[in-house]
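Analysis of the macromolecular model
Read off the chains here:
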Amino acid sequence: MDIFLEIRKRLQSALLIIREPKQGSLPMDVSLTPSVLKMKNLEECREIKFPAEVRLVPSSLRGLQYVSGDGIHMRLLVQADLNKKLVSALNQSLQASKCYVFHCQTCGEIIVKERKLLRVLPLPSENWNALVEEWCCHPDPFANKPLHPGENDCFIGDTHLLVKVRSDSCMPGPEIAQAETHQLSESHSESKPKANTKIICKRCKAMLGETDSSGTTKFYITEIIIQPSGRDFDMIPRSQFVQSVIAQCLVELSSARSTFRFTVQGHDGKTYILVWLLNSDSLLIESLRNSENIQAFSLFEGTESLDSNNIGIRNAVKILFHPCIKNRNIELTSSWENDIGVHSLVLPSHTCLELLLILLKSNHSLPPSLQYMNSFQVAFLKM
């Protein structure tokens, strides 16, 4: 007898589902107090204590029903507040005039050592150059002049940052390997090298970013962790890190630009996922006793082990998504790519596939009635 509880913090309302009981285990006695849920049938009796941050309002219970394949559904009011430490966003954690060390997020290898950043500045939106003409009454002074950081600058974009990587700041080895990428010409069958080259971690071979002919290096925020000099590196499980970084990115962009639709594109130019941000104020609570559910996928992967009566709780964003691999959703993808109201997130292609796998596993872990909304699949990204 396991539970799934989705809380909307702004609305202070919740959907509580007692997962599909075993066949023949009904009828069941359910007792609900502000902090405890008791479930009892002929086979067993189980008591689940909710975290201290969550207080249910049993008198507000409504919509009680049994849904085949899901279990017992009920809606009620709740008092909830969770302020857990999140994985730091780059635009919030980096400060000027401090020394930092760049690590590969996957394996922890030091990529850039002791880099002092004198300026940390946000990059403008991707269409900034086109907008200059609308504001200038004289010829565009920035025409054909891309933004390149200085020696001790760091420019932060939506999914990447730009820095100048000096040879003396890289770990010996070298620890940054450059490999030429190629792009097929539409009018020629042979490959031609691009100006950009890949930045590869020498230890784990993960692609961390790209460097161009000007010497500017683009690091993707999903591939590196930047910590103040002298601090020990804290390894964060890959799935947890990717979820948190992407979730925060979606929330920040939706707030700053009033856009809720996103295309997740690889550095190869292909669109891998269409994402629609639905809720950014969700709290998820799920009991973890059922080993079969854990093996299939747990929304709280990477957390410490819990005993049978404890439950996991996480801030999360709720999204709708469409996979776009293997020529799926071609027409909708084309429509979104040509819509100025849709924002593009560019990541390494392997990270796009990682994110798609995370979304699919999250979708599979939900009760069946919550897995789809209209034609979209539903998933949660925990923060």
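This write-up is about the structure you can find in this document. The structure displayed is predicted, hence computed values, not measured ones.

Definitions and cut-offs
- Residues numbered from 1 in each chain as written.
- Predicted model: local features only at pLDDT ≥ 70, side-chain atom pairs only at ≥ 80, totals over all residues.
- Heavy atoms only, no water.
- Helix = DSSP H or I, 4+ residues; strand = E, 2+ residues; numbered from the N terminus.
- Buried < 20%, exposed > 50% of the residue type's maximum accessible area, 1.4 Å probe, protein only.
- Contact = heavy atoms within 4.5 Å.
- Areas by Shrake-Rupley, 256 points an atom, 1.4 Å probe, with all protein chains shown as cover.
- Polar contact = N/O pair within 3.5 Å; in protein donor to acceptor, adjacent residues only side chain to side chain.
- Pairing = 2+ DSSP bridges.
- Axes fitted to C-alpha atoms, helices over the stretch in contact; angles between N-to-C directions.
- Expected span 1.5 Å × (residues − 1).
- Phe/Tyr/Trp six-rings, centres within 6.5 Å; stacked < 30°, edge-to-face > 60°.
- Salt bridge = Lys/Arg side-chain N within 4 Å of Asp/Glu carboxyl O.

**Let's talk about the overall build of the protein**
Helix and strand counts for the protein come out as six helices and 23 strands. The proportion of buried residues among the 383 residues of the protein is 47%. Counting only contacts in the protein whose residues sit at least 6 apart along the sequence, the fraction spanning at least 24 positions is 64%. Of the roughly 19,700 Å² that the protein leaves accessible, carbon and sulfur atoms contribute 50%.

**Here's the deal with the side chain of T271**
Inspection of the secondary structure puts T271 in strand β19 (residues 271-287). Of the polar contacts made by the side chain of T271, one reaches the side chain of Q265; its length is 3.3 Å. Within the structure, the side chain of T271 is placed 2.5 Å from the side chain of E337, a separation counted as a polar contact.

**Observations regarding the sheet that holds strand β8 (residues 98-104)**
Strands sit in the order β9-β8-β17 across an open sheet of three strands; the sheet is antiparallel. The outermost strands of the open sheet, each flanked by one partner alone, are β9 (110-117) and β17 (224-228). Put simply, the sheet's adjacent strands are angled 25° from each other on average, direction ignored. As judged from the five bridges shared by β8 and β17, these two strands associate in the antiparallel manner. Pairing of F102 across the sheet is with I226, part of β17.

**Brief notes about helix α3 (residues 238-257)**
The α-helix advances 3.6 residues per turn, and as a result positions three or four apart in sequence lie on the same side. In a regular helix each residue adds 1.5 Å, so 20 residues correspond to 28 Å; α3 covers 28 Å between its end C-alpha atoms and thus fits that length. The buried fraction of α3 amounts to 14 of the 20 residues, a majority that puts the element mostly inside the structure. Directly after α3, the chain includes S258, whose backbone phi takes a positive value near 50°.

**Digging into the packing of aromatic side chains**
What the rule picks out here adds up to five aromatic pairs. Ring centres of F4 and F380 lie 6.5 Å apart, and the angle between their planes is 55°; this geometry places the pair in the tilted category. Taken together, the residues F4 in strand β1 (residues 3-8) and F380 in strand β23 (residues 376-382) connect sequence positions 376 residues apart. Looking at F4, the relative accessible area reads 1%, which means it is buried.

**As for the pattern of salt bridges**
Summed over all chains, the structure comprises twelve salt bridges. Note that R46 and D2 form a salt bridge whose closest N and O atoms lie 2.9 Å from each other. With R46 in strand β5 (residues 45-49) and D2 in the segment before β1, this residue pair connects regions lying 44 residues apart in the sequence. Summarising the burial analysis for this pair, R46 and D2 share the class buried. In this structure, the salt-bridge partner of D281 is R8, at a minimum N-O distance of 2.7 Å. With a gap of 273 residues between them, D281 in strand β19 and R8 in strand β1 connect regions that are remote in the sequence. The exposure class assigned to R8 is partly exposed, which follows from its relative accessible area of 21%. Each of the salt bridges in this network shares a partner with another, and the network as a whole consists of R8, R10 and D281.

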